[in-house]
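What follows is the residue order along each chain.
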Amino acid sequence: MKKYLYLTIVSSILWSCGGGGGDNPPDPTPTNKAPTVPTLVYPTNNLLCIENPVECKWNASTDQEGDAITYQIEVARNSAFTEDKQTFTAASVTQTVPLVEDIAYYWRVKATDSKNASSSYSTTYKFYTYGEGVVNHLPFSPELVKPALNSVVQTTTASLEWAASDVDTNDTLTYDVYFGTSNPPMVMEGNNQATTTLNVAVNASTNYYWYVVVKDGKGGETKGQVWNFKTD
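Overview of the structure. Keep in mind that this is a model prediction, so the values were computed, not measured.

### A few points about the pattern of salt bridges
- Under the criterion given, the structure shown has 8 salt bridges.
- In this structure, Lys115 and Asp67 form a salt bridge, with 2.8 Å as the shortest nitrogen-oxygen distance. With Lys115 in the loop between β7 (104-113) and β8 (125-129) and Asp67 in the loop between β3 (54-59) and β4 (69-76), this residue pair connects regions lying 48 residues apart in the sequence.
- Here Asp67 falls in the buried class, since its relative accessible area comes to 13%.
- Across the pair Asp171 and Lys218 runs a salt bridge, and its minimum N-O distance is 2.7 Å. Highlighted residues: Asp171 in the loop between β11 (157-163) and β12 (174-180) and Lys218 in the loop between β15 (207-215) and β16 (221-223), separated in sequence by 47 residues.
- For Asp171, a relative accessible area of 10% translates into the label buried.

Structure representation (structure tokens):
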């Protein structure tokens with residue numbers, strides 16, 4: 001009887017010390033990490049590119065597991081990468097891209113390892129291709145600052161803000177702002193204004209749409225994409 005009690009006590013101690021398998025075993029296959037985000041080198045932001053085709057360059061990404069890395073390069077005529085988009089895959093950190101003269105382009109790169117884990121896209125850079133005999137270049141498409149796309153505004157006034165630039169650095173840019181509940185909006189709320197902000201009154205529980213036309217004062221103008229937000 002004593003021997004039986006002794007064996008029972010020893011078994012209980014072993015079970016409480018981990019012999020019972022209460023803890024989960026370590027994962028034999030750790031999660032694969034994505035490569036770091038590439039950084040763009042050339043063309044630099046807001047550059048007037050003389051050469052065509054353009055050789056895009058970026059800094060190499062690194063991978064924690066030492067996996068082989070490939071890069072996906074996107075070039076398009078708008079910052080949403082929906083207009084005339086070209087997509088390339090490269091194993092090195094350069095890619096030659098054929099382009100049309102006298103056009104604004106946007107480009108970005110992401111890295112993917114051999115296990116199919118991808119980084120986020122790099123910052124988007126914009127540049128303009130040189131055209132023979134061109135004395136004025138169109139402004140770049142306006143870029144959204146706030147409210148963020150598809151965001152919710154909880155005040156009775158919304159502050160619209162955007163950014164814009166032009167390779168002709170001596171041009172003075174002005175803006176027409178269209179705003180409303182239809183998509184695309186038809187009402188011009190800001191007319192030929194010099195600032196890149198506009199406050200508008202909004203109603204509760206409503207979807208709003210807006211876009212900006214940027215003008216360079218020399219007859220060149222660029223219509224931006226439609227942005228949207230909603231109110232609480």
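### What to know about the sheet that holds β11
- Spatially, 3 strands are ordered β9-β11-β14 in an open sheet, and the strand pairing comes out antiparallel. Each of the sheet's edge strands pairs with one partner strand only, and the pair in question is β9 (143-146) and β14 (197-201). On average, each strand axis in the sheet is inclined to that of its neighbour by 30°, with strand direction left out of account.
- Relative to β14, β11 is paired through 5 bridges, and the arrangement is antiparallel. What sits directly across from Thr157, in β14, is Ala201.

### Re the sheet that holds strand β1 (residues 39-42)
- Strand order in the open sheet made by the 3 strands is β1-β3-β6, with antiparallel pairing throughout. Whereas interior strands pair on both sides, the edge strands pair on one side only; in this sheet they are β1 and β6 (94-97). Averaged over all neighbouring strand pairs, the angle between strand axes comes to 30°, with direction disregarded.
- Two strands pair when backbone bridges link them, and β3 and β6 are joined in this way by 4 bridges, in the antiparallel orientation. What sits directly across from Cys56, in β6, is Gln95.

### Some thoughts on the nonpolar core
- One finds Trp58, Ile73 and Trp107 to be the most contacted residues of the largest nonpolar core, which totals 19 residues.
- Contributing elements (two or more residues each) for this core: β3, β4, β5 (86-90) and β7.
- Counting 17 residues, the second-largest nonpolar core is a separate cluster that includes Val153, Tyr208, Trp227 and Phe229.

### Section: unusual backbone geometry
- Cis peptide bonds are those with omega within 30 degrees of zero, and the linkage from Asn52 to Pro53 qualifies with 10°.
- Tracing the sequence through the fold places Pro53 in the loop between β2 (47-49) and β3.
- The linkage connecting Lys146 with the following residue, Pro147, adopts the cis geometry, with an omega of -5°.
- As for its position among the elements, Pro147 is in the loop between β9 and β10 (151-153).
- Although it is not a glycine, Asn116 sits at a positive phi angle of roughly 75°.
- By secondary structure assignment, the location of Asn116 is in the loop between β7 and β8.
- For Asn116, a relative accessible area of 65% gives the class exposed.
- With phi around 50°, Ser205 is a residue other than glycine that occupies positive phi space.
- In this fold, Ser205 is placed in the loop between β14 and β15.

The rules behind the values
Per chain, residue numbering runs from 1 following the sequence as it is written. For a predicted model such as this one, the threshold for reporting local features is a pLDDT of at least 70, and the threshold for listing and counting side-chain atom pairs is 80 or more; totals across whole chains, interfaces and linings nevertheless cover every residue. Computation of side-chain values: all heavy atoms of the structure, hydrogens and water removed. Salt bridge, as applied in this entry: a Lys or Arg side-chain nitrogen positioned within 4 Å of an Asp or Glu carboxyl oxygen. Only runs of H or I of at least four residues qualify as helices and only runs of E of at least two qualify as strands under DSSP, and these elements are numbered from the N terminus. Note on classification: 1.4 Å probe, protein chains only; a residue is buried when its accessible area is under 20% of the maximum for its type, exposed when over 50%, partly exposed between these limits. When DSSP finds two or more bridges between two strands, those strands count as paired. Fitted lines through C-alpha atoms serve as axes, helices being fitted only where they are in contact, and the angles separating the N-to-C directions of these axes extend from 0 to 180 degrees. What we call a nonpolar core is a set of buried Ala, Val, Leu, Ile, Met, Phe, Trp, Tyr and Cys residues that are connected through their side-chain atoms within 4.5 Å.

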